[in-house]
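Coordinates in review
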Amino acid sequence: MIARQTLRAEFRPTLRLAVPLVLAELGWMSMTIVDTMMVGRLPNSATAMGAVSLGSNIFIVLALFGGGLLVGLDTLVSQAFGAGQREDCHRSLVNSIYLSIALTPVLTAAVWLLPAFLRRMQVDPGVLQLAIPYTKALNVGLLPLLLYFAVRRCLQAMNMVKPVAFALVSANFINALGNWILIYGKWGAPRMGAIGSGWSTAIARLYMAAVLVGYLLWYDRKHRTELLKTPVDIDLPRIRRLLTLGLPVAIQITSESGVFAFVTTLIAKLGPVPLASHQIALNTVAFTYMVPLGIASAAAVRVGQALGRRDPAGAGDAGGTAIFLGAAFMACASAGLLLFPRWIARMYTPDETVIHSTISLLAAGAAFQLFDGLQTVATGALRGAGDTRTAMFCHFTAYWIIGLPLGAWLCFHLGWGAFGLWFGLSLALILIGIVLLFAWRSTVRRLMHTQENVLAGT
């Protein structure tokens, strides 16, 4: 347990950094929720929701893999900023932009291979007919999304988090308006249904990138940080360092988002109703997950900055406080899912069959909320300390070796349906939360021991 004195000292600075990042993450997830709700009002409600679920989950796996490769900026920029080396922060940003541009055609090619993959998985034909063009529409916003990831990581590592929150919160208004126009055919636009939602989201992501780039240029001009004087040559050693730090994160994020995308594909074989129920439950737990995810970003920054100042005790306090905050929120979220499942489901659809199917999935989601909070923030704290591999191994093993096979067996062999797959994922998250909490404690002890040895040597 974290000491009360430490919690009092760290609570405010952690919260000051975390709140805008939490708002940003909630804004990110709100786009998917709004998309699902608005297509849920179409005549073919279950099929449209299923298509958005399938397309968005598969696309986000690819996008988050690219974004994961850029997460090394958390470590490089926060530690350089903590050491007072602003030019080094700018060099990392410039080279992360080069990396984003190089990744775009590779990830775009993967999206175009999607139809063949989904046909082999025997997805419901009605869902498939909408999911493929919806995903291709999302793909138009891929490069702006990667640029947004890069600039955001740099800004938050330098304590500039308010523009990140503004970009995502305001982008939701752009997305909602675009949905209204393109889904339902308003203001003379064609009635595009679920596919219009994909185009609207792509436009909103272009807006997000433009806001952050514009803010960075404005800040440079006002405060004369000499961003535009940063050397623009390709720094291969720095890019290799980014990839060394980011590849384990990309694999970890892909393991996590990928398993949910694969589960979505498996549930798509059960029909539109289970798939729509799965999307509602997944949106709900993903929304609660955004809070510890924002806290995790704050933990990575504060831990990294403390280590940049050569203060391992401060890094331990910052990480411990963030983990406590994430766990406390998710305990409350678990209670909410158990108490109000029907109310949550009715926000998405009036279909009673879908609502009834959703309630059991929300109960499974409630079971892992606390452990999801622990693992998410512990992953961020470890990332600030430069450890991106432990979480990768934990997520891959728990999800793909334990949770998914168990869930598939319960779903298809015992006839538990979608709930069986959710049960397997719940068990995986409980295991990950326990292991990563102990991994963080071990890291803090190692950092303190190293510092003691350095002091003893002097």
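Our subject is the structure listed above.
Let me begin by describing the structure that accompanies this report. Everything numeric here is computed off the predicted structure, so don't read it as measured data.

**A word on helix 14 (residues 352–384)**
- Taking 1.5 Å per residue, 33 residues should reach 48 Å; helix 14 reaches 46 Å between its end C-alpha atoms and fits that length.
- Along helix 14, the sharpest change in direction is near 45° and occurs at Phe368.
- After helix 14 finishes, the residue Gly386 shows a positive phi value of roughly 90°.

**Focus on the nonpolar core**
- Formed by 137 residues in total, the largest nonpolar core has its most connected members in Tyr148 and Trp422.
- The element best represented in this core is helix 11 (residues 272–308), accounting for 17 residues.
- Beyond its immediate sequence surroundings of up to four residues, Tyr148 is in contact with Val164, Leu168, Met208, Ala209 and Leu212.

**Some points on a nonpolar patch on the surface**
- Among the surface-exposed residues, Phe11, Leu15, Val19, Leu23, Val169 and Phe173 lie close enough to one another that they form a single nonpolar patch of about 510 Å² accessible area.
- For the nonpolar patch, the secondary-structure elements that each account for two or more residues are helix 1 (4–39) and helix 8 (162–184).
- In terms of residue count, the dominant contributor to the nonpolar patch is helix 1 (four residues).

**Remarks on the environment of Cys89**
- With respect to the helices and strands, Cys89 occurs in helix 4 (residues 86–112).
- Taking the C-alpha atoms as reference, Cys89 lies 9.4 Å from Leu227; in sequence the two are 138 residues apart.
- Cys89 has contacts with Val77, Ala80, Phe81, Cys154 and Met158, leaving out every residue within four places of it along the chain.

**Examining the environment of Arg152**
- Here Arg152 shows up in helix 7 (residues 142–157).
- Note on Arg152: relative accessible area 4%, which makes it buried.
- For the pair formed by Arg152 and Leu73, sequence separation is 79 residues and the distance between their alpha carbons is 9.5 Å.
- Once residues lying within four places of it in the same chain are set aside, the contact partners of Arg152 are Leu21, Ala24, Glu25, Val164, Leu168, Leu212 and Ser297.

**Remarks on helix 11**
- Helix length check: helix 11, at 37 residues, gives a terminal C-alpha distance of 51 Å against a target of 54 Å (1.5 Å per residue), a fit within 8%.
- The sharpest bend along helix 11 reaches about 30° and sits at Met290, with the proline Pro292 one to four residues further on.
- Taking burial as the measure, the 37 residues of helix 11 include 31 buried ones, the bulk of the element.
- Immediately downstream of helix 11, the backbone of Arg310 shows phi near 60°, a positive value.

**Here we look at the packing of aromatic side chains**
- Summed over all chains, the structure comprises nine aromatic pairs.
- Residues Tyr215 and Trp218 carry aromatic rings whose centres are separated by 5.6 Å and whose planes lie at 40° to one another, so their mutual orientation is tilted. Of this pair, Tyr215 and Trp218 both sit in helix 9 (residues 194–223), three residues apart, roughly one helical turn.
- Under the relative-accessibility criterion, Tyr215 is labelled partly exposed at 22%.
- Residue Trp218 is classed as partly exposed on the basis of its relative accessible area, which comes to 46%.
- Residues Phe260 and Tyr399 carry aromatic rings whose centres are separated by 6.2 Å and whose planes lie at 70° to one another, so their mutual orientation is edge-to-face. A residue pair is termed long-range when its members are at least 10 positions apart, and Phe260 in helix 10 (residues 236–268) and Tyr399 in helix 15 (residues 389–413) qualify at 139 residues.
- Taking the relative accessible area as the measure of exposure, Tyr399 reaches 0% and is therefore buried.
- Each member of the aromatic cluster is reached from another via a ring pair, and the members are Tyr215, Trp218 and Tyr219.
- We note Lys269 situated over the ring of Phe412; from NZ or CZ to the ring centre the distance is 6.0 Å.

So, how was this worked out
- Residues numbered from 1 in each chain as written.
- Predicted model: local features only at pLDDT ≥ 70, side-chain atom pairs only at ≥ 80, totals over all residues.
- Heavy atoms only, no water.
- Helix = DSSP H or I, 4+ residues; strand = E, 2+ residues; numbered from the N terminus.
- Expected span 1.5 Å × (residues − 1).
- Bend = angle between axes of the 7 residues up to and from the residue.
- Core = buried A, V, L, I, M, F, W, Y, C linked by side-chain atoms within 4.5 Å.
- Buried < 20%, exposed > 50% of the residue type's maximum accessible area, 1.4 Å probe, protein only.
- Contact = heavy atoms within 4.5 Å.
- Patch = residues over 30% accessible without salt bridge, like charges linked within 9 Å, V, L, I, M, F, W, Y side chains within 5 Å.
- Areas by Shrake-Rupley, 256 points an atom, 1.4 Å probe, with all protein chains shown as cover.
- Salt bridge = Lys/Arg side-chain N within 4 Å of Asp/Glu carboxyl O.
- Phe/Tyr/Trp six-rings, centres within 6.5 Å; stacked < 30°, edge-to-face > 60°.
- Lys NZ or Arg CZ within 6 Å of the ring centre and 35° of its normal.

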